[in-house]
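Structural description and commentary
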Amino acid sequence: MPAMPLELVHDADLTLRNTLALPARTRLLATLHSTADALALAADPALSAERRFILGGGSNLVLCGDFDGLMLAPSIRGRRLAGEDAEAWFVHAGAGENWHDFVQWTLAQGWAGLENLSLIPGTVGAAPIQNIGAYGLEVAERLAEVEAIDLARGETRRFPVADCRFGYRDSVFKQEGWHLDGRFLITGVTFRLPRKWAPLTRYADVERELAACGTATPNARDVANAIVAIRQRKLPDPAQVPNAGSFFQNPVIDAVQAASLQALYPSIPLYPQADGRAKLAAGWLIEQAGWKGRNLGPVGMYEQQALVLVNRGHARGADVLALARAVQADVLTRFGVTLQPEPIYLGMA
Ligand code: NAP
């Protein structure tokens, strides 16, 4: 069968392709339906010379202006059992699969293990980049291999889990800046879902939700349902209230600073880390700094969860930046802690 031409659009509107609904355009947008599409793109001298950015679900992105280059939208679909052994199932999914739908599908097949990551927005291909995590589980713990196309060399490259250099919301893809320059296009991910399963319910919200449902010995579906219910209560649906999920990373501070903050603010939530440092809840800091439910122009910090920055209507990238800076400044003044934004700022002059 002859290869299909690449699906390429000039001067494409991105408003519906970012969950903050910020208006912006890209000079070129290529939708990639297969690894063959990605290899064809790498082999095209004009296209491969373009400045690139890889657009997943647009849920971790602040578009600060138009993009003068080529945006790649991986739309590679497919999910299947790729193998199994005595300990685990190995499940493969295309990078363009919706993350939450994929998690629910694995549960429907009877393969537990990803339920704590239910309802995280975005795509399968984006999941390893920031090592998505929630309620005591990181995707790194369930990952076997990431497959990608090296767009500079036009070759397939496999990253076994050990090569992904995973950390807290971090991976080799971020550490090397590939998530910004689009060097590697993730085409698919293989997960390792252990047959031996136990629920992860140590987060207070999860425990409370399961107790409220009267579920003493939850199965994976019960845990998924509990997490969906919690997230639906706390987080706005981007289709109704545009947002990019948690806007700031949870800061990790040294033990000395943690002790002095605890002395000043006895109720501050502090989570000790294996290396002696302590993790703080960014949402708590923002709330204490008076930003929960407060607006600045057409944007604000969400009333149910202070960590979520929302577009109240017709906001532009500059409005988001102004609010993020104001929140950062107030948290720094009050607590001496610098909040780092989680989303990528793109198209900043
Ligand atoms: P939350 O449950 O209110 O927790 C706030 C902070 O406290 C987070 O830093 C969380 O750590 C920490 N924490 C709470 N209970 C803990 C425990 N038992 N042990 C260790 N640390 C604990 O957080 P939220 O804002 O409503 O978000 C719920 C979950 O979704 C969190 O796990 C959050 O990280 C996750 N989330 C992930 C993403 C992403 O992957 N990009 C985006 C949004 C939310 P952790 O952050 O280590 O869990």
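See above for the structure.
Notes on the structure follow. (Residues numbered from 1 in each chain as written. Predicted model: local features only at pLDDT ≥ 70, side-chain atom pairs only at ≥ 80, totals over all residues. Heavy atoms only, no water.)

Residues in close proximity to the ligand total 19 residues, the closest being Tyr168, Arg169, Tyr203, Lys234 and Lys279. Here a nitrogen atom of the ligand sits 3.0 Å away from a polar atom, N or O, in the side chain of glutamate 342. If you list the elements that add at least two residues to the shell around the ligand, you get β8 (133–134) and α7 (220–234). Across the shell around the ligand, the residue classes break down as eight nonpolar, five polar and six charged. (Near = heavy atom within 4 Å. Polar contact = N/O pair within 3.5 Å; in protein donor to acceptor, adjacent residues only side chain to side chain. Helix = DSSP H or I, 4+ residues; strand = E, 2+ residues; numbered from the N terminus. Nonpolar A, V, L, I, M, F, W, Y, C, P; charged D, E, K, R; others polar.)

Turning our attention to the side chain of asparagine 18. Along the chain, asparagine 18 turns up in the loop between β1 (7–13) and β2 (25–32). Here the side chain of asparagine 18 touches leucine 22 through a polar contact of 2.9 Å, landing on its backbone nitrogen. Setting aside chain neighbours within four positions, we find asparagine 18 in contact with Gly58 and Leu63. (Contact = heavy atoms within 4.5 Å.)

Applying the stated rule across the entire model yields 18 aromatic pairs. Aromatic side chains tyrosine 265 and tryptophan 284 sit 6.5 Å apart centroid to centroid with 80° between the ring planes, which places their arrangement in the edge-to-face category. Of the two residues, tyrosine 265 is situated in the loop between α8 (255–264) and β15 (270–272) and tryptophan 284 in helix α9 (residues 282–288); the sequence distance between them amounts to 19 residues. Three or more aromatic residues joined by ring pairs form one cluster here, namely Trp89, Trp99, Phe102, Trp105, Trp111 and Phe191. Above the ring of tryptophan 89, the side-chain terminus of arginine 195 is found at 4.6 Å from the ring centroid. (Phe/Tyr/Trp six-rings, centres within 6.5 Å; stacked < 30°, edge-to-face > 60°. Lys NZ or Arg CZ within 6 Å of the ring centre and 35° of its normal.)

Okay, the pattern of salt bridges next. Inspection of every chain in the model, using the stated rule, returns 17 salt bridges. Glutamate 209 is paired through a salt bridge with arginine 233; the nearest N and O atoms lie 2.6 Å apart. One end of the pair, glutamate 209, is in helix α6 (residues 204–212); the other, arginine 233, is in helix α7, with 24 residues separating them in the sequence. A relative accessible area of 12% places glutamate 209 in the buried class. Where arginine 312 meets glutamate 303, a salt bridge forms, and the shortest distance between an N and an O atom there is 2.9 Å. (Salt bridge = Lys/Arg side-chain N within 4 Å of Asp/Glu carboxyl O. Buried < 20%, exposed > 50% of the residue type's maximum accessible area, 1.4 Å probe, protein only.)

Our focus in this paragraph is α6. Taken together, the buried positions of α6 are occupied by Val206, Glu209 and Leu210. All buried residues of α6 project into a common sector of 95° when viewed along the axis, lining one side. Exposed side chains of α6 directed beyond 90 degrees from the buried face belong to Arg208, Ala211 and Ala212. Those residues of α6 that are buried lie in contact with α7. A positive phi of about 70° marks glycine 214, the residue just after α6. (Arc of directions from axis to C-beta.)

For glycine 78, the location among the structural elements is in the loop between β5 (67–74) and β6 (79–84). Setting aside anything within four residues of it in sequence, one finds glycine 78 in contact with His92, Ala93, Gly94 and Glu97.

The next point concerns the sheet that holds strand β19 (residues 308–311). Taken together, the four strands give an open sheet; going across it, the order is β13-β19-β18-β17, and neighbouring strands pair in antiparallel fashion. The open sheet is flanked by β13 (243–246) and β17 (295–296), the only strands paired with a single partner. As paired elements, β17 and strand β18 (residues 299–301) share two bridges and run antiparallel to each other. Residue pairing across strands places asparagine 295 opposite glycine 300, the latter belonging to β18. Set on the sheet, helix α10 (residues 317–335) makes contact with β17, β18 and β19; between it and β18 the angle comes to about 35°. (Pairing = 2+ DSSP bridges. Axes fitted to C-alpha atoms, helices over the stretch in contact; angles between N-to-C directions.)

What follows concerns the side chain of serine 118. Looking at the secondary structure, you find serine 118 in the loop between α3 (99–108) and β8. There is a polar contact of 3.2 Å between the side chain of serine 118 and the side chain of glutamine 104. Excluding residues within four positions of it along the chain, serine 118 makes contact with His100, Val103, Gln104, Ala224, Ile227, Val228 and Arg231.

Moving on: the sheet that holds strand β12 (residues 184–194). As summarised here, the arrangement of the five strands in space is β6-β7-β12-β10-β11, forming an open sheet in which the pairing is antiparallel. The two strands at the open ends of the sheet, each matched to only one other strand, are β6 and β11 (155–160). This sheet shows a mean twist of 20° between the axes of neighbouring strands, independent of strand direction. Pairing between strand β7 (residues 88–94) and β12: seven bridges, direction antiparallel. Across the sheet, alanine 88 pairs through a bridge with proline 194, a residue of β12. Helix α1 (residues 35–43) rests against β10 (143–150), β11 and β12 of the sheet, and its axis sits at about 35° to β10.

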